[in-house]
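The primary structure of each chain is shown beneath.
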Amino acid sequence: MTAISRTQVGIVGAGPAGLLLSHLLALRGIDSIVVENRSRAYCEARQRAGLLEAGTVELLRAVGLGARMDAEGLEHGGIHLQFEGERHHLDFRDLTGGRWVTIYAQTEIVKDLIKARLAAGAAIEFEVSDTEVSALDTDQPVLRFTDSAGTRHVVTCDVIAGCDGFHGISRDVVAAGGHTVWETAYPYAWLGILAEVPPSTDELIYSHHPDGFALHSLRSPAISRLYLQVAPDEDIAQWPDERIWAQLQRRFALPGWKLTEGPVLEKSITPMRSFVSAPMRRGRLFLAGDAAHIVPPTGAKGMNLAVADVRLLSRAFGATTRTSGSTCWSATPSRRPVGCGGPPTSPGG
Ligand code: DHB
């Protein structure tokens, strides 16, 4: 069976980028559908970043997504840098004219977004398969997918946003039109653990040690997040919990300070890669977030970039997509859209 429908913006991927884009567009009166090949439970459980820059926090608040973040997020006004056996505090507020960061896990933002979108009656299809995008050089690009019940959908859109991450389908489709990649693979990886133990520190500790770097971060007052620099081809099977804690103890050791250990809930190894693919658009398909660029987790930047991307994209779609559904996008990437009114000044703009 095939179901044929129409929406204004087709969004591939229900990570922070795709979900937030759908929310920002709704505030502008623009309809969208989000399709995701994973289950809702998987999206809400996957462990990713946890550090929000002030601009991200301000945007989430401004668009009505700040309630739980404000109640449960932890504001940090600085970090600790440790090297040569000493720990030094860096005061962000002092150094940046009052800016700060907030610890609130990406997975919590995804939960908040899914809840808000579904409460607003938004279309989110989880567990889809065979997602395809086509007719990108026309003014009616098409999103196709098979839903979890086996129905094939053909959705005609005004524009499509590829928010489906580094391994999604969208970037390859853009790349097939000709592209340039800038990529660096770093000669180390991070072994990260999530531990059921209150953080041993008030603010994050970045530690330089002859054995390698270590980072003490957190996800909540009860959950610690810790990382160890390891070889890029490191085998996680070689890292039983006792070995991880022993290395963490060594790399954070400081007289008078104690790292408290607890049960390890999760552990994984993350390769360190920087990747940018350009152009980030082919016809009416636009990439956002990890689909367009990857930064290594060292700077805690990835989700903040994804949020910045969709903020701009929603503004651009808002400027060129009439609430009636017709648009005035130029099919050629280099030309600015013409003949539309300026962007509305709604939240997130
Ligand atoms: C986290 C990761 C980082 O790379 C960083 O700089 C700060 C926090 C984290 O996952 O908690």
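Up top you'll find the structure we're talking about.
Here the structure is a predicted model, which means the values were calculated and not measured.

**Student:** Tell me about the sheet that holds strand S4 (residues 51–53), and name the residues and values.
**Tutor:** Taken in spatial order, the three strands make up an open sheet running S4-S8-S5, and their pairing is antiparallel. At either end of the open sheet lies a strand with only one pairing partner, and these are S4 and strand S5 (74–76). Each neighbouring strand pair of the sheet contributes to a mean axis angle of 30°, computed without reference to strand direction. Along the sheet face, helix H3 (residues 54–62) touches S4, S5 and strand S8 (101–103) and points at about 80° away from the line of S4.

**Student:** Can you tell me about helix H8 (residues 241–252), naming the residues and giving the values?
**Tutor:** Compared with the 16 Å implied by 1.5 Å per residue over 12 residues, the 16 Å span of H8 between its first and last C-alpha is a close match. By the burial criterion, the buried members of H8 are Ile244, Trp245, Gln247, Leu248, Arg251 and Phe252. All buried residues of H8 fall inside an arc of 160° around its axis, so they share one side.

**Student:** Tell me about helix H9 (residues 302–320), and please be specific about residues and values.
**Tutor:** Relative to the 27 Å expected for 19 residues at 1.5 Å per residue, H9 spans 27 Å between its end C-alpha atoms, a close match to the ideal helical length. Among all positions in H9, only Met303, Asn304, Ala306, Val307, Val310, Leu313, Ser314, Phe317, Gly318, Ala319 and Thr320 are buried.

**Student:** Tell me about the pattern of salt bridges, and name the residues and values.
**Tutor:** Counted according to the given criterion, the structure contains 13 salt bridges. As a salt-bridge pair, Arg93 and Glu75 come within 3.4 Å of each other at their nearest N and O atoms. Remark: Glu75 occurs in strand S5 and Arg93 occurs in helix H5 (residues 92–96); sequence separation between them is 18 residues. Accessibility expressed as a relative area gives 35% for Arg93, which makes it partly exposed. Between Lys267 and Asp241 there is a salt bridge, and its shortest N-O distance comes to 2.7 Å. Taken together, the residues span a long stretch of sequence, with Lys267 in strand S18 (residues 264–278) and Asp241 in helix H8 at a distance of 26 residues. For Lys267, a relative accessible area of 33% gives the class partly exposed. Taken together, the shared-partner salt bridges connect Arg68, Glu72, Glu108, Lys111 and Asp112 into one network.

**Student:** Describe in detail the environment of Ala41, supporting the description with residues and values.
**Tutor:** With respect to the helices, strands and loops of the structure, Ala41 is situated in helix H2 (residues 40–45). Through-space distance from the C-alpha of Ala41 to that of Lys111 is 9.4 Å; in sequence the pair is 70 residues apart.

**Student:** Explain the packing of aromatic side chains to me, and be specific about the residues and the numbers.
**Tutor:** Inspection of the entire model under this criterion finds seven aromatic pairs. With 4.8 Å between their ring centres and 40° between their planes, Trp190 and Tyr227 make a pair best called tilted. In this pair, Trp190 sits in strand S14 (residues 180–195) while Tyr227 sits in strand S17 (residues 223–230), placing the two residues 37 residues apart along the sequence. Taking 5.4 Å as the distance between ring centres and 75° as the angle between the ring planes, the aromatic pair formed by Phe286 and Phe317 counts as edge-to-face. Here Phe286 is found in strand S20 (residues 285–287), whereas its partner Phe317 is found in helix H9, with 31 residues between them in sequence. Overall, Phe317 belongs to the buried group, its relative accessible area being 0%. Clustering of aromatic rings is evident, with ring pairs tying together Trp190, Tyr206, Phe213 and Tyr227. If you follow Arg38 out to its NZ or CZ, it ends over the ring of Tyr42, 4.1 Å from the centre. Cation over ring: Arg171 sits above Phe166, and NZ or CZ is 4.6 Å from the ring centre.

Rules and cut-offs
Residues numbered from 1 in each chain as written. Predicted model: local features only at pLDDT ≥ 70, side-chain atom pairs only at ≥ 80, totals over all residues. Heavy atoms only, no water. Pairing = 2+ DSSP bridges. Helix = DSSP H or I, 4+ residues; strand = E, 2+ residues; numbered from the N terminus. Axes fitted to C-alpha atoms, helices over the stretch in contact; angles between N-to-C directions. Contact = heavy atoms within 4.5 Å. Expected span 1.5 Å × (residues − 1). Buried < 20%, exposed > 50% of the residue type's maximum accessible area, 1.4 Å probe, protein only. Arc of directions from axis to C-beta. Salt bridge = Lys/Arg side-chain N within 4 Å of Asp/Glu carboxyl O. Phe/Tyr/Trp six-rings, centres within 6.5 Å; stacked < 30°, edge-to-face > 60°. Lys NZ or Arg CZ within 6 Å of the ring centre and 35° of its normal.

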